[in-house]
Amino acid sequence: MNSKDRNDAILYGRRAFMRDGSLFLLSAGVGLSQGLSSFAEEPKAQLRFGLVTDLHYADKAPGGSRHYRETLAKLEEAALQFAKEKPSHVVELGDFIDAADSVATEKKYLGRVNKDFAELPGKKHYVLGNHCVYTLTKDEFLDGVGQKKSYYSFDDRGFHFVVLDACFRNDGKPYGRKNFQWTDPNIPQEQVEWLQADLKKATGKTIVFVHQRLDVSNHYGVKNAAQIRRVLEQSGKVLAVFQGHSHKNEVKEINGIHYCVHRAMIEGSGKENNGYSIMDLFADGTIRITGFRKQEKYNWS
Ligand SMILES: [Zn+2]
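Residues numbered from 1 in each chain as written. Predicted model: local features only at pLDDT ≥ 70, side-chain atom pairs only at ≥ 80, totals over all residues. Heavy atoms only, no water.

1. Re the coordination of the zinc ion
Reasoning step 1: Every protein donor of the zinc ion is listed here as Asp54 (OD), His56 (NE2), Asp95 (OD) and His247 (NE2), and their distances to the metal cover 2.0 to 2.3 Å.
Reasoning step 2: Sequence positions of the donors to the zinc ion reduce to the motif D-x1-H-x38-D-x151-H. Here His247 lies in the loop between strand E7 (238-243) and strand E8 (250-254) and Asp95 lies in the loop between strand E2 (89-92) and helix H4 (103-117), a separation of 152 residues in the sequence. Each member of the pair, Asp95 as well as His247, carries the same accessibility label: buried. (Donors = N, O, S within 2.8 Å, 3.2 Å for Na, K, Ca; no water. Helix = DSSP H or I, 4+ residues; strand = E, 2+ residues; numbered from the N terminus. Buried < 20%, exposed > 50% of the residue type's maximum accessible area, 1.4 Å probe, protein only.)

2. Some details on the pattern of salt bridges
Where charged atoms from two side chains of opposite charge approach closely, those side chains can pair.
Reasoning step 1: Considering all chains together, one arrives at 15 salt bridges under this definition.
Reasoning step 2: Between Lys138 and Asp165 there is a salt bridge whose closest N-O contact spans 2.7 Å. Of this pair, Lys138 sits in helix H5 (residues 138-145) while Asp165 sits in the loop between strand E5 (159-163) and helix H6 (189-201), placing them 27 residues apart in sequence.
Reasoning step 3: With relative accessibility at 10%, the residue Lys138 sits in the buried group.
Reasoning step 4: The exposure class of Asp165 is buried, given its relative accessible area of 0%.
Reasoning step 5: For the salt bridge of Asp171 with Arg169, the shortest nitrogen-to-oxygen distance reads 2.7 Å.
Reasoning step 6: Classification of Asp171 as exposed rests on a relative accessible area of 51%. (Salt bridge = Lys/Arg side-chain N within 4 Å of Asp/Glu carboxyl O.)

3. Overview of the sheet that holds E7
Reasoning step 1: An order of E4-E5-E6-E7-E9-E8 is seen for the six strands of this open sheet, with the pairing classed as mixed. In this open sheet, the two strands that pair with only one neighbour each are strand E4 (152-156) and E8. Pairs of neighbouring strands in the sheet enclose a mean axial angle of 20°, with direction left out of account.
Reasoning step 2: Here five bridges tie E8 to strand E9 (residues 257-261), and the two strands are oriented antiparallel to one another. Among the inter-strand pairings, Glu253 is bridged to a residue of E9, identified as His258.
Reasoning step 3: Strand contacts of H6: E4, E5, strand E6 (205-209) and E7, with the helix running at about 175° to E5, the strand carrying the most contacts. (Pairing = 2+ DSSP bridges. Axes fitted to C-alpha atoms, helices over the stretch in contact; angles between N-to-C directions. Contact = heavy atoms within 4.5 Å.)

4. Focus: the pairing of E6
Reasoning step 1: Extensive coverage of E6 is indicated by the burial of four of its five residues.
Reasoning step 2: You can see the chain leave E5, run along H6 and come back into E6, and the turn it takes is right-handed.
Reasoning step 3: Here E6 pairs with E7 via four bridges, running parallel. Note on E7: the bridge partner recorded for Thr206 is Val238.
Reasoning step 4: The β-α-β motif built from E6, the intervening helix H7 (residues 225-235) and the parallel element E7 has right-handed crossover chirality. (Right-handed = clockwise from strand over helix to strand, strands pointing away.)

5. With respect to H6
Since one α-helical turn is 3.6 residues long, residues separated by three or four positions face the same way.
Reasoning step 1: In this model H6 runs 19 Å from its N-terminal to its C-terminal C-alpha over 13 residues, within 8% of the 18 Å that 1.5 Å per residue would give.
Reasoning step 2: Taken together, the buried positions of H6 are Gln191, Val192, Leu195, Asp198 and Leu199. In a view along the axis of H6, the buried residues occupy a sector of 130°, so they form one face of it. Looking at H6, the residues exposed on the side facing more than 90 degrees away from the buried face are Glu190, Lys200 and Lys201. (Expected span 1.5 Å × (residues − 1). Arc of directions from axis to C-beta.)

6. Re the side chain of Asp184
Reasoning step 1: Among the secondary structure elements, Asp184 is positioned in the loop between E5 and H6.
Reasoning step 2: One buried charge, Asp184, has no salt-bridge partner; the nearest side chain with opposite charge is Lys223, at 5.6 Å.
Reasoning step 3: In terms of polar contacts, Asp184 uses its side chain to reach the side chain of Asn186, at 2.9 Å.
Reasoning step 4: Setting aside its immediate chain neighbours within four residues, Asp184 contacts Phe168, Arg169, Asn170, Tyr175 and Lys223. (Lys, Arg positive; Asp, Glu negative; His and termini not counted. Polar contact = N/O pair within 3.5 Å; in protein donor to acceptor, adjacent residues only side chain to side chain.)

7. Quick notes on the packing of aromatic side chains
Reasoning step 1: Under the definition given, this model contains 21 aromatic pairs.
Reasoning step 2: Judged by centre distance (6.1 Å) and plane angle (80°), the rings of Phe82 and Tyr276 are edge-to-face. Taken as a pair, Phe82 in helix H3 (residues 71-85) and Tyr276 in strand E10 (residues 275-281) lie far apart in primary sequence, 194 residues in all.
Reasoning step 3: Here the aromatic rings of Phe161 and Phe209 are separated by 6.4 Å at their centres, their planes lie at 10°, and the arrangement is stacked. Taken as a pair, Phe161 in strand E5 and Phe209 in strand E6 lie far apart in primary sequence, 48 residues in all.
Reasoning step 4: Pairwise contacts between aromatic rings join Phe49, Tyr152, Phe154, Phe159, Phe161, Phe209, Phe242, Tyr298 and Trp300 into one cluster.
Reasoning step 5: If you follow Lys60 out to its NZ or CZ, it ends over the ring of Tyr68, 4.6 Å from the centre.
Reasoning step 6: Note that Lys138 overlies the ring of Phe168, its terminal NZ or CZ placed 3.4 Å from the centroid. (Phe/Tyr/Trp six-rings, centres within 6.5 Å; stacked < 30°, edge-to-face > 60°. Lys NZ or Arg CZ within 6 Å of the ring centre and 35° of its normal.)

8. Quick look at the pairing of E10
Reasoning step 1: In terms of burial, E10 is a largely internal element, seven of the seven residues being buried.
Reasoning step 2: Residues Gly275, Ser277, Met279 and Leu281 point to one face of E10 and Tyr276, Ile278 and Asp280 to the other, with burial holding for every one of them.
Reasoning step 3: Pairing between strand E1 (residues 47-52) and E10: five bridges, direction antiparallel. Across the sheet, the residue bridging to Gly50 is Ile278, located in E10.
Reasoning step 4: Across seven bridges, E10 lies against strand E11 (residues 287-293) in antiparallel orientation. Residue pairing in the sheet places Leu281 in a bridge with Ile287 of E11.
Reasoning step 5: The hairpin formed by E10 and E11 contains five residues between the paired strands, and Gly285 there has a positive phi angle of roughly 95°.

Written as structure tokens, this is what we have:
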């Protein structure tokens, strides 16, 4: 058989097969070429995170839709799930506590909620929210949770992670002791330059965590969000930004970066009005968010 004959035989064979086997074979072929998920084991996540936000814990009566004391029970449910899922890191995206009458009482609220949060599996990360540093200063909050810096980065299994701090006034002064309006979050020039340098030397696909939003220009947005988005875009390394602050599920894609608002834990009474998630990161850059209760699920390839 010469090569032309062989090709004809293969072609004929395939056609004949399609005639007899009809579309079954075709669909099986498509399934195999598109991904092995239904034929082989699912690819394993490279790295797993637990995410929560806007816990607003305080030992005080509810205000509107915010049931401050219920946060502990909601966090307990998340803790049971995280114990099963075994994340390597857990990030709270800000507004960990809600206002108290005094600094001493506020420190008690922080100590109480962090007693439970600190026991979650994996390394814990605290993103500063406006409520974290309403009564307390940044140093008081950070001392209370045992974190050195309000903005920093870290690496794990080939990925890079950046925690940002937008709790600065327009004039560059850090939030603390009720010295700010919540509608005035900014990332000062010094932090922008740090971010630029950090992303430049980063070697892995990058995820950013920040409380106030980088994807909107309304009251919930960081005032210089457009400048920060440009820095993230220019690095060519950032896959997604996770935010809190708005208390509701929302996602946007801007110039190839996913901006996700995580659902608040505080909103509403009862265990169904909770929100927490597991984020799985895959070597190819796929991000899978498995949301629980009111938190949405996402899969970005
Ligand atoms: Zn909040």
